[in-house]
Amino acid sequence: MDNRPIGIFDSGLGGITVLNELKKTLPQENYIYLGDTLNFPYGSKTKEQIIEFSEKNTQYLKSQNVKMIVIACGTATSQALDEIKSKYNIYIEGIIEPTVDYVKNEKITKIGVIGTEGTIKSGAWGKYLKLKIPNIEVINQACPILAEIVEENKAKTKEAQDAIHNYMKIFKENNVKNLILGCTHYSIIEELIKKEFDYDVNLINTGNTIASKIKQELTKRKMLNKANQNNIKIVVSKYEKGFEKSIKNLLKSAKTLDITYFN
Ligand code: DGL
């Protein structure tokens with residue numbers, strides 16, 4: 001038994017979708033969620049910057065005595081996970097591996113991946129998918145402005161509709177039926193993405209896949225929280241107007257919810 005919180009980080013709101021899935025799967029746990037709003041968006045930054053931000057986030061969460069760290073961000077997972085895993089003595093999980101395992105278990109042979117510019121340029125999804133499923137066909141599409149649309153609450157605008165329409169073209173043309181939401185922000189607009197298709201498409205939410213993996217690991221390591229606490233602390237690196245409201249809308253209930261701002 002280990003009652004310390006689970007640490008989670010993302011560049012902003014996106015990782016809240018992962019936190020929600022974790023809460024569903026592990027409702028008895030405490031969580032500290034760090035949104036690095038100061039450095040949002042991660043998608044257009046260099047690999048060196050992403051490593052620097054991820055290190056800072058890891059150090060902060062470690063200073064809060066977390067028992068493990070979940071990188072609830074596709075961009076940081078694809079560009080910094082290996083570096084921080086080798087440097088910090090704590091269990092760290094990103095969104096790619098558990099999702100690749102899901103794709104393998106489902107015996108999917110053709111898959112689409114959407115993500116930020118940085119994520120798609122890194123080639124990480126294709127690399128890990130092909131490593132575990134050598135014959136899989138992978139179709140990637142970078143969606144440069146989609147995370148901003150979500151973070152700035154512009155999902156209902158024409159700009160959002162046009163962007164989604166353009167980004168989904170390649171998948172419709174190739175009749176892709178399984179699509180990985182490789183940026184955690186995209187799960188917030190899952191319904192809009194689904195609507196763009198005139199056939200049934202399986203949108204793979206990385207929050208789901210990582211939550212089952214974390215449950216397995218906590219069980220295996222005998223680190224589950226048995227006290228049924230469910231306290232949630234949200235920390236952001238820069239005050240953003242509207243962020244608190246968005247967090248409250250996105251997050252389902254918690255016994256205590258504490259939002260802190262710091263620079
Ligand atoms: N939510 C993030 C991801 O999963 C980052 C979006 C961004 O900051 O550009 O990639």
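Summarised in this report is the structure supplied together with it. The written sequence of each chain sets the order in which its residues are numbered from 1. pLDDT decides what is reported in this predicted model: residues at 70 or higher carry local features, side-chain atom pairs at 80 or more are listed and counted, and totals for whole chains, interfaces and linings draw on all residues regardless. Working from all heavy atoms in the structure, the side-chain values ignore hydrogens and water.

1. Here's the deal with helix H8 (residues 158–173)
Link 1 in the chain: Secondary structure elements follow DSSP: runs of H or I of four or more residues count as helices, runs of E of two or more count as strands, with numbering from the N terminus. The span expected for a helix works out to 1.5 Å for each residue beyond the first. Across its 16 residues, H8 extends 22 Å between first and last C-alpha, which sits within 8% of the 22 Å expected from 1.5 Å per residue.
Link 2 in the chain: Maximal helix bending in H8 amounts to about 35 degrees, located at Tyr 167.
Link 3 in the chain: Within the sequence span of H8, burial applies to Ala 160, Ala 163, Ile 164, Tyr 167, Met 168 and Phe 171.
Link 4 in the chain: Elements that come into contact with the buried residues of H8 comprise strand E5 (110–115), strand E6 (137–142), helix H7 (146–151), strand E7 (178–181) and helix H9 (190–195).
Link 5 in the chain: The positive-phi residue at the C-terminal boundary of H8 is Asn 175, with phi of around 50 degrees. By definition, a residue's bend is the angle between the axes fitted to the seven residues ending there and the seven starting there. With a 1.4 Å probe rolled over the protein chains alone, any residue whose accessible area is under 20% of its type maximum counts as buried; one over 50% counts as exposed, and the rest are partly exposed. Residue contacts are defined here by distance: any two heavy atoms, one from each residue, within 4.5 Å place the two residues in contact.

2. Examining the environment of Asn 231
Link 1 in the chain: Its place among the elements puts Asn 231 in strand E9 (residues 231–236).
Link 2 in the chain: Along the chain, Asn 231 and Ile 136 lie 95 residues apart, while their C-alpha atoms are 41 Å from each other.

3. Concerning the layout of surface pockets
Link 1 in the chain: One number sums up the size of the largest pocket: a volume of about 620 Å³.
Link 2 in the chain: Within this scheme a cavity is a closed region of a 1 Å grid, computed over the protein atoms alone, that accommodates a 1.4 Å probe without allowing it to escape, whereas a pocket is open but has protein on both sides within 12 Å along at least five of seven lines; lining residues each have an atom within 4 Å of a point. Every residue lining the largest pocket is counted, 23 residues in all, and those nearest its centre are Leu 13, Val 150, Glu 151, Asn 153 and Ser 246.
Link 3 in the chain: In terms of residues, the lining of the largest pocket owes the most to one element, helix H11 (residues 243–250), which gives five residues.
Link 4 in the chain: Residues are grouped as follows: Ala, Val, Leu, Ile, Met, Phe, Trp, Tyr, Cys and Pro are nonpolar; Asp, Glu, Lys and Arg are charged; all remaining types, including Gly, are polar. Here the residues of the lining of the largest pocket sort into nine nonpolar, five polar and nine charged.
Link 5 in the chain: Grid points are joined across faces, edges and corners, and a volume is the space filled by probe spheres set on the points. Taken as a whole, the second largest pocket spans an internal volume of roughly 250 Å³.
Link 6 in the chain: The wall of the second largest pocket is formed by 17 residues, among which Thr 77, Ser 78, Asp 82, Ala 124 and Tyr 128 lie closest to the centre.
Link 7 in the chain: Put simply, the parts of the chain that give the lining of the second largest pocket at least two residues each are helix H3 (74–87), helix H4 (96–105), helix H5 (117–122) and helix H6 (124–132).
Link 8 in the chain: For the lining of the second largest pocket, the leading source of residues is H3, giving eight residues.

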